[in-house]
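Spelled out, the chains give:
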Amino acid sequence: MSVGLGRPVEEELLAIYRGQITMLPPTPASIELCAHARAMVEDAYHPRDPRTAQHDLEIDDFVERAAAVKPRFIHDPRTRALQKAYLAELGFDPWRTYLDVPRMRVVSSDGYLVSGVGHKQPPHRDTWWSAPMQQIQFWLPIYPMSRECSMEFYPHYVETGIPNTSDDFNIYRWNATGRKNAAEHRQGEDQRGIPQPRDALEHPAAVQMVLPVGGAVIFSANQLHATSDNITGMTRFSIDFRIVDIEHVRDGIGAKNVDNGSTGTALRDFRRICDEAEIDADIVARHDVGERPQDGMLMFAPDARVGA
């Protein structure tokens, strides 16, 4: 049995592929992971409170600080160690489970910053971003939160497709340009070719999540979700990361593809928990659909600026 999930991991993953959204209570490692992230954020915005710094800082200054702390958190060895400790607490098999790097999300209040490093995500599936159908997402708030600064899910669309722009998205092109240039987008709508619905949702009823610090929501990459409007007057900071079960990837067990047209695959971003091994190239090749752009990058090469 798994710690926190309440039933075997295998059974839980199959339910998540079918559309289940699982909320987990804090654990010692998840609390420590959030505290680790919070310390970095507070150092970046010192002497201001990061949650209210948007009221004192010009956007350029705010963005520079966010653009610096995000890669610092992502590539800190302690971050990786705490991710692994958390997954061990939950009972994930370190030989079957492959993990990517985490992201730190920065969502300002009342439209202060809506693009680039502070991009407010419209309704989307991560599968539209070339994620595999076996991908499982974890999302954790760094500070106390409310439904007014949450994320939201659209359960009507678990197995119902919608017209979207994923046909235009290629992960290798995104690695070369979109992620690298996030900090350059500071005003107005994000123009980096982010996949999204072509029209307003016909069934916009949403489920919003409220979690304690260290609590997590886990869900399928195929789950339609979005960033809620932040109207709290404070910037929301959160962590998210992704895993895949290699046996499910190999055997094609996962969520149902109802509307994804993106090309390439994000599988090269994952490393086995126990020894950091890459996913076998033959397995990756089975999921690598479409042509590779001439100027594309198979994996993102981080530099001083890391975005969404």
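Please refer to the structure higher up on the page.
Quick caveat: nothing in here was measured; it's all calculated off a predicted structure. (Residues numbered from 1 in each chain as written. Predicted model: local features only at pLDDT ≥ 70, side-chain atom pairs only at ≥ 80, totals over all residues. Heavy atoms only, no water.)

### Quick look at the environment of glutamine 208
Line of reasoning, step 1. By secondary structure assignment, the location of glutamine 208 is in strand 6 (residues 207-208).
Line of reasoning, step 2. Those residues in contact with glutamine 208, other than ones at most four positions away along the chain, are Arg147, Ser150, Met151, Glu152 and Ser228.
Line of reasoning, step 3. Among the polar contacts listed, one links the side chain of glutamine 208 to the side chain of glutamate 152, at a separation of 3.3 Å.
Line of reasoning, step 4. Looking at glutamine 208, its side chain comes within polar contact range of the side chain of serine 228, at 3.2 Å. (Helix = DSSP H or I, 4+ residues; strand = E, 2+ residues; numbered from the N terminus. Contact = heavy atoms within 4.5 Å. Polar contact = N/O pair within 3.5 Å; in protein donor to acceptor, adjacent residues only side chain to side chain.)

### Concerning the packing of helix 2 (residues 28-45) against helix 4 (residues 77-90)
Line of reasoning, step 1. As a packed pair, helix 2 and helix 4 sit with axes 8 Å apart at the nearest point and diverge in direction by 155 degrees. By the angle between their axes, helix 2 is roughly antiparallel relative to helix 4. Of the two elements, helix 2 crosses helix 4, and the hand of that crossing is left-handed. Packed against helix 2, whose contacting residues are Pro28, Ala29, Ser30, Glu32, Leu33 and His36, the element helix 4 presents Arg78, Thr79, Leu82, Ala85, Tyr86 and Glu89 at the interface.
Line of reasoning, step 2. Classifying every residue of the contact of helix 2 with helix 4 gives 6 nonpolar, 3 polar and 3 charged. (Axes fitted to C-alpha atoms, helices over the stretch in contact; angles between N-to-C directions. Parallel < 35°, antiparallel > 145°, perpendicular 65-115°, else oblique. Left-handed = near helix turned anticlockwise from the far one by under 90°. Nonpolar A, V, L, I, M, F, W, Y, C, P; charged D, E, K, R; others polar.)

### Description of the pattern of salt bridges
Line of reasoning, step 1. All told, the structure shown has 22 salt bridges when counted by the stated rule.
Line of reasoning, step 2. Notably, a salt bridge pairs aspartate 100 with arginine 103, separated by 2.8 Å at the nearest N-O pair. Accessibility assignment for this pair places aspartate 100 and arginine 103 in one class, buried.
Line of reasoning, step 3. A salt bridge links glutamate 148 to arginine 147; the shortest N-O distance between them is 3.9 Å.
Line of reasoning, step 4. You can call arginine 147 partly exposed: its relative accessible area is 47%. (Salt bridge = Lys/Arg side-chain N within 4 Å of Asp/Glu carboxyl O. Buried < 20%, exposed > 50% of the residue type's maximum accessible area, 1.4 Å probe, protein only.)

### Looking at the environment of phenylalanine 169
Line of reasoning, step 1. Secondary-structure assignment places phenylalanine 169 in the loop between strand 5 (151-153) and helix 5 (171-178).
Line of reasoning, step 2. The exposure class of phenylalanine 169 is buried, given its relative accessible area of 3%.
Line of reasoning, step 3. Each C-alpha atom, one on phenylalanine 169 and one on serine 130, is 7.8 Å from the other, the two residues being 39 residues apart in sequence.
Line of reasoning, step 4. Ignoring anything within four residues of it in the chain, the contact list for phenylalanine 169 reads Trp128, Trp129, Ser130, Trp174, Gly193, Pro195, Ser262 and Thr263.

### Observations regarding the nonpolar core
Line of reasoning, step 1. Judged by nonpolar contacts, the single largest core of 47 residues is most densely connected at Tyr86, Phe92, Phe138 and Phe241.
Line of reasoning, step 2. If you list the elements that add at least two residues to this core, you get helix 1 (9-17), helix 2, helix 3 (59-75), helix 4, strand 3 (103-107), strand 4 (136-141), strand 7 (216-220) and strand 9 (236-245).
Line of reasoning, step 3. Those residues in contact with phenylalanine 92, other than ones at most four positions away along the chain, are Leu5, Val9, Leu13, Leu87, Thr97, Phe138 and Ile243.
Line of reasoning, step 4. Of all hydrophobic cores here, the second largest spans 13 residues; its members include Tyr157, Phe169, Ile171 and Ile194. (Core = buried A, V, L, I, M, F, W, Y, C linked by side-chain atoms within 4.5 Å.)

### A word on the pairing of strand 7
Side-chain direction in a regular strand flips from residue to residue, so the side chains alternate between the two faces of the sheet.
Line of reasoning, step 1. The buried fraction of strand 7 is high, at 5 of 5 residues.
Line of reasoning, step 2. Bridge count for strand 1 (residues 22-24) against strand 7 is 3 bridges, and the pairing is antiparallel. By the bridge assignment for strand 7, leucine 24 is matched with alanine 216.
Line of reasoning, step 3. Pairing between strand 4 and strand 7: 4 bridges, direction antiparallel. Opposite phenylalanine 138, over in strand 7, you have isoleucine 218 as the bridge partner. (Pairing = 2+ DSSP bridges.)

### Quick notes on the sheet that holds strand 5
Line of reasoning, step 1. Across the sheet, 3 strands lie side by side as 6-5-8; this open sheet has antiparallel pairing. In this open sheet, the two edge strands, each paired with only one partner strand, are strand 6 and strand 8 (225-227).
Line of reasoning, step 2. Relative to strand 8, strand 5 is paired through 3 bridges, and the arrangement is antiparallel. From the neighbouring strand, phenylalanine 153 faces strand 8, where its bridge partner is histidine 225.

### A closer look at unusual backbone geometry
Line of reasoning, step 1. Of note, the amide linkage connecting histidine 46 to proline 47 takes the cis form, showing an omega dihedral of 5 degrees.
Line of reasoning, step 2. By secondary structure assignment, the location of proline 47 is in the loop between helix 2 and helix 3.

### Structural notes on the side chain of glutamine 54
Line of reasoning, step 1. By secondary structure assignment, the location of glutamine 54 is in the loop between helix 2 and helix 3.
Line of reasoning, step 2. Excluding its chain neighbours within four sequence positions, the residues that come into contact with glutamine 54 are Phe62, Ser108, Ser109, Tyr112, Met234 and Thr235.

### Digging into the side chain of aspartate 245
Line of reasoning, step 1. Among the structural elements, aspartate 245 can be located in strand 9.
Line of reasoning, step 2. Classification of aspartate 245 as buried rests on a relative accessible area of 9%.
Line of reasoning, step 3. Of note is the side chain of aspartate 245, whose polar atom sits 2.9 Å from the side chain of arginine 96.
Line of reasoning, step 4. When near neighbours in sequence (up to four residues on either side) are disregarded, aspartate 245 contacts Leu13 and Arg96.

### Focus: the packing of helix 2 against helix 3
Line of reasoning, step 1. For the pair helix 2 and helix 3, the least separation of the axes is 9 Å and the interaxial angle reads 145 degrees. By crossing handedness, the relation of helix 2 to helix 3 is classed as right-handed. Contacts from Leu33, His36, Ala37, Met40, Val41, Asp43, Ala44 and Tyr45 in helix 2 reach Phe62, Arg65, Ala66, Val69, Arg72 and Phe73 in helix 3.
Line of reasoning, step 2. Across the contact of helix 2 with helix 3, the residue classes tally to 10 nonpolar, 1 polar and 3 charged.

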